[in-house]
Amino acid sequence: MAASFTSSFSARPSPTVPPASQSFEPLVKAVLKHRLNRNIFALSAAFSLASHIFFWSSDESSISTRLLSPSTWLVALLAWIVGILPTIVSRKLNLAAHHTVAPSPRETLASALTKSSTFRTLTIYTASALLLLSLHLYTAPGIRESLDLSVFVKSKKHPYYLNGCLIFLVVAQAWFALSFSLRNIMLERFVFRWSRNVPSNPSNLFITLPLLLITIGLFTLVTFVAFGVVFGLTRLVVLPILLRIPLLRNLLRPFAAHFVRGPWTLVLPLRYLRLEFRTFLLGLVTLVNWEFADTLFNMYIPQPVDVSHTTAEPNVALVSGVTSTDLVFLHFAYSELRNLATDSSPSSSTRRIALFSDQKYNPSLWSTLTRAALLRLGHDYQTFLRRGRPAPLSSPPPVTTPAVTVPNPPSTPILRQPIYKPLQQSPLARVLNSLASDSDLSRATEEVAKEVKTAAKEAHVPELFRSVAVSATSAIPTSTVVTSIAHNPPTTLSSFILFIRQRCYSALIYGQLNEWLVRERIHKRAEMSLPNRELDALVIESLSALVCASLAEDRYGVVQRDIPRILEAFLSFLQASEDYQNEVRVLYVPPTPEELTQADSAVLRQKERTRVEVAKASEAIAVVVDALKSGISDIVRTFGDKLTAFKFPPKTAKKLQSFVDYI
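Treat the numbers as computed from the prediction; the structure is a model and nothing was measured.

Conventions adopted
- Think of each chain on its own: its residues are numbered from 1, step by step along the sequence as written.
- A pLDDT threshold of at least 70 governs which residues receive local features in this predicted model, and a stricter bar of 80 or more applies before side-chain atom pairs are shown or counted, although totals over entire chains, interfaces and linings include all residues.
- Side-chain metrics rest on all non-hydrogen atoms present in the structure, leaving aside hydrogens and water.
- Secondary structure follows DSSP: runs of H or I at least 4 residues long count as helices, runs of E at least 2 residues long count as strands, and numbering of each begins at the N terminus.
- A 1.4 Å probe rolled over the protein chains alone gives each residue an accessible area, and that area as a share of the maximum for its type sets the label: buried under 20%, exposed over 50%, partly exposed in between.
- Contacts are assigned to residue pairs with any non-hydrogen atoms lying within 4.5 Å of each other.
- Any two rings among Phe, Tyr and Trp, with Trp reduced to its six-membered ring, count as a pair given centres within 6.5 Å; such a pair is stacked if its planes are under 30 degrees apart, edge-to-face if over 60, and tilted if neither.
- Consider the ring centre and the ring normal. A charge sits over the ring if Lys NZ or Arg CZ is within 6 Å of that centre and within 35 degrees of that normal.
- In this text, buried Ala, Val, Leu, Ile, Met, Phe, Trp, Tyr and Cys residues form a nonpolar core when linked through side-chain atoms within 4.5 Å.
- Only one rule defines a salt bridge in this text: a Lys or Arg side-chain nitrogen within 4 Å of an Asp or Glu carboxyl oxygen.
- A residue's pLDDT is simply how confident the predictor is in it, with values from 0 to 100.
- Patch criteria: residues need more than 30% relative accessible area and no salt bridge. Like-charged residues are merged within 9 Å; nonpolar side chains of Val, Leu, Ile, Met, Phe, Trp and Tyr are merged within 5 Å.
- Note on areas: Shrake-Rupley, 1.4 Å probe, and residue coverage restricted to the protein chains presented here.
- To obtain each axis, a line is fitted to C-alpha atoms, and for helices this fit is confined to the stretch in contact; angles are then taken between N-to-C directions over 0 to 180 degrees.
- Under this scheme an angle from 65 to 115 degrees is roughly perpendicular, one under 35 degrees roughly parallel, and one over 145 degrees roughly antiparallel; angles in between are oblique.
- Three categories are distinguished: nonpolar for Ala, Val, Leu, Ile, Met, Phe, Trp, Tyr, Cys and Pro, charged for Asp, Glu, Lys and Arg, and polar for the others, with Gly belonging to the last.
- The length a helix should cover is 1.5 Å for every residue beyond the first.
- A crossing counts as left-handed when the near helix is turned anticlockwise from the far one by less than a right angle, and as right-handed when that turn is clockwise.

**A look at the overall build of the chain**
Move 1: Within the chain one finds 28 helices and zero strands.
Move 2: Across the 663 residues that make up the chain, the buried fraction comes to 38%.
Move 3: Within the chain, contacts between residues separated by at least 24 positions form 80% of all contacts whose residues are at least 6 apart in sequence.

**Quick look at the packing of aromatic side chains**
Move 1: All told, the structure shown has 17 aromatic pairs when counted by the stated rule.
Move 2: Measuring from ring centre to ring centre gives 5.7 Å for Phe 356 and Trp 366, while their planes differ by 80 degrees; the resulting arrangement is edge-to-face. You can see Phe 356 sitting in helix 15 (residues 346-356) and its partner Trp 366 sitting in helix 16 (residues 365-385), a full ten residues away along the chain.
Move 3: Accessibility expressed as a relative area gives 1% for Trp 366, which makes it buried.
Move 4: Site record: aromatic cluster; members linked through ring pairs are Phe 168, Trp 175, Phe 224, Phe 227, Phe 231 and Phe 280.
Move 5: Over the face of the ring belonging to Phe 219 we find Arg 183, whose NZ or CZ atom lies 5.5 Å from the ring centre.
Move 6: The aromatic ring of Phe 384 is capped on one face by Arg 387, whose charged end is 4.9 Å from the ring centroid.

**Looking at the nonpolar core**
Move 1: Grouped together as the largest cluster of nonpolar side chains are 115 residues, with contacts concentrated most on Phe 332, Tyr 334, Trp 366 and Phe 570.
Move 2: With sequence-adjacent residues up to four places away left out, Phe 332 is seen in contact with Phe 24, Val 28, Leu 32, Phe 192, Trp 194, Ile 301, Pro 302, Gln 303, Pro 304 and Val 305.

**As for the pattern of salt bridges**
Move 1: This model, assessed by the stated rule, comprises 18 salt bridges.
Move 2: A salt bridge links Asp 294 to Arg 91, with the shortest nitrogen-to-oxygen separation between them at 3.4 Å. With Asp 294 in helix 12 (residues 273-300) and Arg 91 in helix 4 (residues 70-93), the pair connects residues that are 203 residues apart, well separated along the chain. Note on accessibility: Asp 294 and Arg 91 belong to one class, buried.

**Comments concerning the environment of Thr 108**
Move 1: With respect to the helices, strands and loops of the structure, Thr 108 is situated in helix 5 (residues 105-113).
Move 2: Measuring from C-alpha to C-alpha, the distance between Thr 108 and Glu 188 comes to 8.9 Å, with 80 residues separating the pair along the chain.
Move 3: Those residues in contact with Thr 108, other than ones at most four positions away along the chain, are Ala 102, Ile 185 and Met 186.

**Looking at the side chain of Thr 72**
Move 1: Within the secondary structure layout, Thr 72 lies in helix 4.
Move 2: Leave out the neighbours within four places in its chain, and Thr 72 touches Leu 49, His 52, Ile 53 and Arg 66.

**Comments concerning the side chain of Asn 532**
Move 1: On the secondary structure map, Asn 532 appears in the loop between helix 23 (522-529) and helix 24 (533-553).
Move 2: We classify Asn 532 as buried; its relative accessible area is 11%.
Move 3: Excluding residues that lie within four positions of it along the chain, Asn 532 makes contacts with Leu 327, Arg 376 and Asp 380.

**Focus: the confidence of the model for the chain**
Move 1: For the chain, per-residue confidence averages 80 on the pLDDT scale, and 75% of positions sit at 70 or higher.
Move 2: In this model, residues 458-489 is a region of pLDDT below 50 whose contacts with residues beyond four sequence positions or in other chains number eleven contacts.

**Examining a nonpolar patch on the surface**
Move 1: There is a patch of nonpolar side chains on the surface, built from Leu 221, Val 225, Val 229, Leu 233 and Leu 236 and spanning about 460 Å² of accessible area.
Move 2: Mapping Val 229 onto the fold places it in helix 9 (residues 209-242).

**Digging into unusual backbone geometry**
Move 1: Cis geometry marks the peptide bond from Asn 362 to Pro 363, where omega comes out at 0 degrees.
Move 2: Looking at the secondary structure, you find Pro 363 in the loop between helix 15 and helix 16.

**Some points on the packing of helix 4 against helix 6 (residues 116-139)**
Move 1: Direction vectors running N to C along helix 4 and helix 6 enclose 175 degrees, while the axes themselves pass 9 Å from each other. With respect to helix 6, the axis of helix 4 lies roughly antiparallel. Across the interface between the two elements, Val 75, Leu 78, Ala 79, Val 82, Gly 83, Pro 86, Thr 87 and Ser 90 of helix 4 pack against Thr 121, Ile 124, Tyr 125, Ser 128, Leu 131, Leu 132, Leu 135 and Thr 139 of helix 6.
Move 2: Its residues placed into classes, the contact of helix 4 with helix 6 shows ten nonpolar, six polar and no charged.

**Overview of helix 12**
The α-helix winds at 3.6 residues per turn, so residues separated by three or four positions along the chain end up facing the same way.
Move 1: For helix 12, spanning 28 residues, the distance from its first C-alpha to its last is 40 Å, which sits close to the expected 40 Å at 1.5 Å a residue.
Move 2: Among the 28 residues in helix 12, 23 count as buried, and that is most of the element.

**Details of helix 24**
Move 1: Given a rise of 1.5 Å per residue, 21 residues ought to cover 30 Å, and the 29 Å separating the end C-alpha atoms of helix 24 matches this to within 8%.
Move 2: Along helix 24, 18 of the 21 residues are buried, which leaves the element largely enclosed by surrounding structure.

**As for the packing of helix 8 (residues 164-187) against helix 12**
Move 1: In contact at an axis separation of 10 Å, helix 8 and helix 12 are set at 30 degrees when each is read in the N-to-C sense. In terms of orientation, helix 8 and helix 12 fall into the roughly parallel class. Relative to helix 12, helix 8 is oriented so that their crossing is right-handed. Between helix 8 and helix 12, the contacting residues are Cys 165, Phe 168, Leu 169, Ala 172, Gln 173, Phe 176, Ala 177, Phe 180, Arg 183 and Asn 184 on the first element and Leu 275, Glu 276, Thr 279, Leu 282, Gly 283, Thr 286, Leu 287, Trp 290, Glu 291 and Asp 294 on the second.
Move 2: Looking at the contact of helix 8 with helix 12 residue by residue, the class counts come to eleven nonpolar, five polar and four charged.

Below, the structure is given as structure tokens:
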């Protein structure tokens, strides 16, 4: 019996590239956490201290005294903790990577209202604004007493009447929070914003600070004026209606019955100028602090990171980063990869040579990188062909069932008459049936009426009597109803609502406001088609730079085998982008000399608006088009006649030949 021998030589499987969640993403999260603590938290707290010293404090001491006072620092810290910090944390937690662009403001609002995070964010902003108001009133007793901001009015007869000044101040802060939340929705603040031209050390923060103050100052002023109008209409119209409803009248009258009495609503703003100024100043300080924190977030978070060199195998960490499923980490990974591909230093050249010649991992680093990059471009290319619409759901294949042969039924004649004896009706039922709309009596009456009408037409009846007869049987015109409602003052709630609807329907629904809300923007359609255009440009620049560097640094020719696939993907994307760019450009028709001579403001304004939107759309498409043209040109310029060794499809070869002829 032969003895079995064991050998120590065995085939060991090659390791695979680790996932991004284990190698690349933890490094990026550490850098972002450092930026959040050092830059955003620290600078926003310093700005909160400065705003408290200059605008918040109510005492008459000097600025140096306030700066050296420990109570000032404590109140500023509390204001930052309860009013600014929750908004920053809320934006960090609700930051979305996928950008869902809507073509119109109404669809943007509708899309935001379908998300639960929108209501959580609105709650956080409202709570922060009210906490800032409470802190301000608690730390400034002089202002609270001078404005008489008690909860109830000082009345022995009606001790539970609410103080209108306090209600005005509280509701105004909630209104500011709602307005700022809507502004963030329209600006798409909760979507990760990436720009390839973000400076590594932003030093223009304090340069843009005056512009920030002017913008928020105007926004606060417009918001406050709108709040004053809404508050006045509520006192003038809404509250009297609510006090007439039986159930609500019993609940509101002990607390708010005095609001419908007193001076005229138009005179109230002149009597409470100090309250209005304090409300506006408090809202301005709150919104400026929120806007400054958001500006810091927009400025520091999207900055590129360089973390792969801190690991033992930098190429492995970087390649694992491009396989991430999170678009935020993909931006950081491809940004670092582009820097590696375009850097001409000896250390970067050594890393590129190691990347091309890797044989340790299966699949290799270059194969993993190329596959992930082309899949990313292919996914965005399909989204672009669908113009941003979601992919159609694949329906399951139909189940084929064998045909069942049904025997023919016997040929029996069908009876078309009732086979049962009709029931005998009671005298009362017969009378009711004779008076019904489809009875014999009704049909006979209609026939007689038709005969009379025909005889009247044939007879020579004067036109005057004919018009009277027709008007007596016709319906009342709609314009008559509207005119009667407009001239008759509304007396009930339903008539008042109808009156308001008739007056404001054409002005608001079909007016400029509705046109602004509903109208689809051309550049928004382009952004919907290319939601990840900045990421696509990074992928294109990285691949093209690595292909160009492979001519001198690829020792085994691994990159050259993928050049046809890369060029075919680039040229297909370029052709589709140029076609869409031409479609967008023809949407703008310059004004004719006749239109310029007539000076029709509506036509000229519409064409100018179209020109601006077309320019923005072309700029969005040009992000990908310029990157594709630059990348293809670099590859053609680098390889030159060596491209003849590759085989391309006829359509791709024809497009590539135009670059060869141009260069």
